[in-house]
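The primary structure of each chain is shown beneath.
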Amino acid sequence: MKKKTRRDFLKTSALIGTAVASSSLHPAKAGPKNILSPDRMGVLVDTTVCVGCRSCEWACKVAHGRSTQPLAEYEDRSVYQTSRRPDHESVTVVNEHRQEESNGTPVYTKVQCMHCDHPSCVSACIVGAFTKEENGSVVWDTNKCIGCRYCMVACPFQIPAFEFGEALRPDVVKCDFCFSRTQEGKLPACVEMCPVEALTYGPRTELIKVARERIRRAPEKYVHHIYGETEAGGTSWMYLASRDFAGLGLPNVGTHAMPGTSESIQHGIFAYFIPPVLLYAMLGGVMWVTRRGKESEHEELK
Amino acid sequence: MRTILAAILGVCVVMVAHGQGVDKRSHVVPGMSCTTCHTSEVPTKESPSVRSCPRTLMATVRHSAEEGPDVIRMNTLSDTASLYAPVRFTHKAHAEMSEMAGGCTMCHHYNPPGRVLGCSECHEVSRMRTNLGRPDLKGAYHQQCLDCHKRWSNDTGCRSCHALRGEAGAVVVQEGKEQARERRHPVVTKPARLVRETGYDEGRLVTFSHNEHVDLFGLECADCHTSESCIRCHEKGKSASAQPVAASLGHQSCERCHNVNEQCDRCHGAEPKPGFNHQRRSGWPLRQYHEQLDCNRCHTKKNVFTDLSGSCATCHKAWTPENFRHAVTGLVLDQNHAELTCDVCHTDDRFVAKPSCEACHEQYTYPQKSPGKRVKRLAAVRGK
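Residues numbered from 1 in each chain as written. Chains lettered and ligands numbered in written order. Predicted model: local features only at pLDDT ≥ 70, side-chain atom pairs only at ≥ 80, totals over all residues. Heavy atoms only, no water.

## A short note on helix 7 (residues 204-217) of chain A
Residue and element names in this part refer to chain A.
Here's step 1: For helix 7, with 14 residues, the first-to-last C-alpha span of 20 Å sits near the 20 Å given by 1.5 Å per residue.
Here's step 2: Every buried residue belonging to helix 7 is among R204, L207, I208, V210, A211, R214 and I215, and all of these are buried. Buried residues in helix 7, looked at end-on, bunch into an arc of 160°, giving them a common side. With respect to the buried face of helix 7, the exposed residues turned more than 90 degrees away are K209 and R216. (Helix = DSSP H or I, 4+ residues; strand = E, 2+ residues; numbered from the N terminus. Expected span 1.5 Å × (residues − 1). Buried < 20%, exposed > 50% of the residue type's maximum accessible area, 1.4 Å probe, protein only. Arc of directions from axis to C-beta.)

This is the structure we're talking about:
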């Protein structure tokens, strides 16, 4: 076996390094589909209109082929005694928010995936199972999912749920914005069902105009803010309300896109492979300098 | 009567069918600018340039509850696969309820002149649509009903309006709903004279003669009570109790007719004010003939009782010395005096002051000396 010198090893690694660096100069950026289309769709939820009938919950379950009790049983209001979160069985839930200080009418807030413009789940998913589609939907491929649940940690709204009860093939579950229905030209099931049209489906830019017009026409009725217009960098689902959003289960998540910070660090480290190559080049340089010093020392001794 | 029938027919047709254009014959409203509804000054049939709905300016014609239909079956969106049957909407009962709360415009929130439009003429049946600023028909119906119902009873349950469909899609009539046709709002009791205490040092008490405003001045409830809502008067137990909104508005309720900045003493005083007296208020007594007239016979401007000059000619424009029958005053002028103009004896044009004889007879005074023969006054004929 031919003995490999240290010099040979360094030469080979430098060659490989250059090859990798040059090949990564013009690559298609490897990563999941993450489209921010100007024509993306959204839903405007007007909580001043919602009456808490929960028909949307029923329609969602039927549209996704999940078992549910009959619609008439959804009229039972005792469910509002506890605040609920979307889980692996109900990807959308409606919560009641009573006003403590007065006996005014309660406000109902529908909770589901917000379908962020810059989704952290897409960013966090290590196998690229999550994608942001052209119509705004944030969907995931169950077959790619390895169950790491990074998406659940990454989501600022704590939406993705996990089938913890499934022993063999547990899935991550969340609202898929009725992706298959909208591809067929249908409305999302909850939007189609809502009797009061508290949910309005349309192009996101159009919905912002509609929301602004509603506030302009009834300034005393609304908080002058569209939740989701800028929250977490903007979301496809947006809310109007008569009182502070934080009290309606809509968290104050700031206006920065969540993946922004982590991705800038992660992607910065490996951008065009230049930083690693520089690092190795520097290390090589240090080694070369020290080695030359040693060699001259050797010669002097000779 | 014909117009009323036409209006009723119009509402029925509108509620059942939809998609008819605006009735052109009664389309133009005097005193209203075209730009209220059209973006162009000269809209044409080809290019009507109608402002998009909902408009901020409302061109709504007032109707009475009696003109509308009794009950409407809202079945435009009827779907036999649906769990719920179409609503039988007790239109008249709701119209009566709304009379003190904004009237027809509460639901018919935009209405062009001519006839009353139903919801389906503007609100599209399909939820998949381009104009997202306007709710679809289903949303419009429910938003309109539930906006009041949730405040009224906090009951937004489907079955408070919808009956459940039977197994084979048959309509099951909800118990008690059949009687709704006869359901009426009970007559609202009117207060007589209200005296309220204010925070002012001067003019502490405010007297409001509610009965006179209604009975004497002929105001309709909705003239002042524009924004009452059911829950104002009815608490959850549904017994009339709370103060109406109009009472809490203070000067706002009055200033539409009264100048509240200058005429404080009309209502405010240390003591409650007595009832209305024409002579005390205007200095012009209502005598035999005038006291029988409705206020608006002379004060023709609706709801604003502007001061009149007091001159006979303000109303009796046709009167001249030649055609005026002086006998109605209880005095037939003799031949000499009948030839004179009025102002020779009546020195003020309001004919209130005592007639003067000084112009011709220095020592004479009226009524010691009479310019004619006294007769019995002619019987007053109402309205003549």
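So much for the structure itself; the text now carries on.
## Some thoughts on the pattern of salt bridges
Here's step 1: Under the criterion given, the structure shown has 20 salt bridges over all chains.
Here's step 2: Here B:R127 makes a salt bridge to B:D136, at a shortest N to O gap of 3.0 Å. In this pair, the class of B:R127 matches that of B:D136, namely buried.
Here's step 3: Each of A:R40, A:D117, A:K132 and A:R204 takes part in a single network of salt bridges with overlapping partners. (Salt bridge = Lys/Arg side-chain N within 4 Å of Asp/Glu carboxyl O.)

## Let's talk about the sheet that holds strand 4 (residues 205-209) of chain B
Two pairing modes exist for strands in a sheet, parallel and antiparallel, and in both the strands are linked by backbone hydrogen bonds.
Residue and element names in this part refer to chain B.
Here's step 1: Taken together, the three strands give an open sheet; going across it, the order is 3-4-5, and neighbouring strands pair in antiparallel fashion. Whereas interior strands pair on both sides, the edge strands pair on one side only; in this sheet they are strand 3 (193-197) and strand 5 (268-269).
Here's step 2: Two elements, strand 4 and strand 5, share two bridges in a ladder whose sense is antiparallel. Looking across to strand 5, one finds that L205 is bridged to G269. (Pairing = 2+ DSSP bridges.)

## Let's talk about the pairing of strand 9 (residues 237-240) of chain A
A regular strand places its side chains on the two faces of the sheet in alternate fashion.
All names here are of chain A.
Here's step 1: Residues W237 and Y239 line one face of strand 9 and the alternating positions M238 and L240 line the opposite face, and both faces are buried.
Here's step 2: Bridge analysis of strand 1 (residues 41-46) against strand 9 gives four bridges, and the strand direction is parallel. From the neighbouring strand, V45 faces strand 9, where its bridge partner is Y239.

## Quick look at the interface of chain B and chain A
Here's step 1: Chain B puts 24 residues into the contact, and the matching count from chain A is 30 residues.
Here's step 2: Of the roughly 2,100 Å² buried where chain B meets chain A, counting both sides, 55% is carbon and sulfur surface.
Here's step 3: Joining chain B to chain A, the criterion identifies three salt bridges.
Here's step 4: The closest approach of N and O atoms between A:E197 and B:R129, which form a salt bridge, is 2.8 Å.
Here's step 5: Taken together, the links from chain B to chain A amount to eight residue pairs in polar contact (both at pLDDT 80 or more).
Here's step 6: Looking at side-chain class alone, the side of chain B that touches chain A contains eight nonpolar, eight polar and eight charged residues. (Contact = heavy atoms within 4.5 Å. Buried area = accessible area lost by both parts, 1.4 Å probe. Polar contact = N/O pair within 3.5 Å; in protein donor to acceptor, adjacent residues only side chain to side chain. Nonpolar A, V, L, I, M, F, W, Y, C, P; charged D, E, K, R; others polar.)

## A word on a nonpolar patch on the surface
Here's step 1: Among the surface-exposed residues, A:I126, A:V127, A:I146 and A:Y150 lie close enough to one another that they form a single nonpolar patch of about 380 Å² accessible area.
Here's step 2: The residue A:I126 is located in the loop between helix 3 (120-124) and strand 4 (130-132) in this model. (Patch = residues over 30% accessible without salt bridge, like charges linked within 9 Å, V, L, I, M, F, W, Y side chains within 5 Å. Areas by Shrake-Rupley, 256 points an atom, 1.4 Å probe, with all protein chains shown as cover.)

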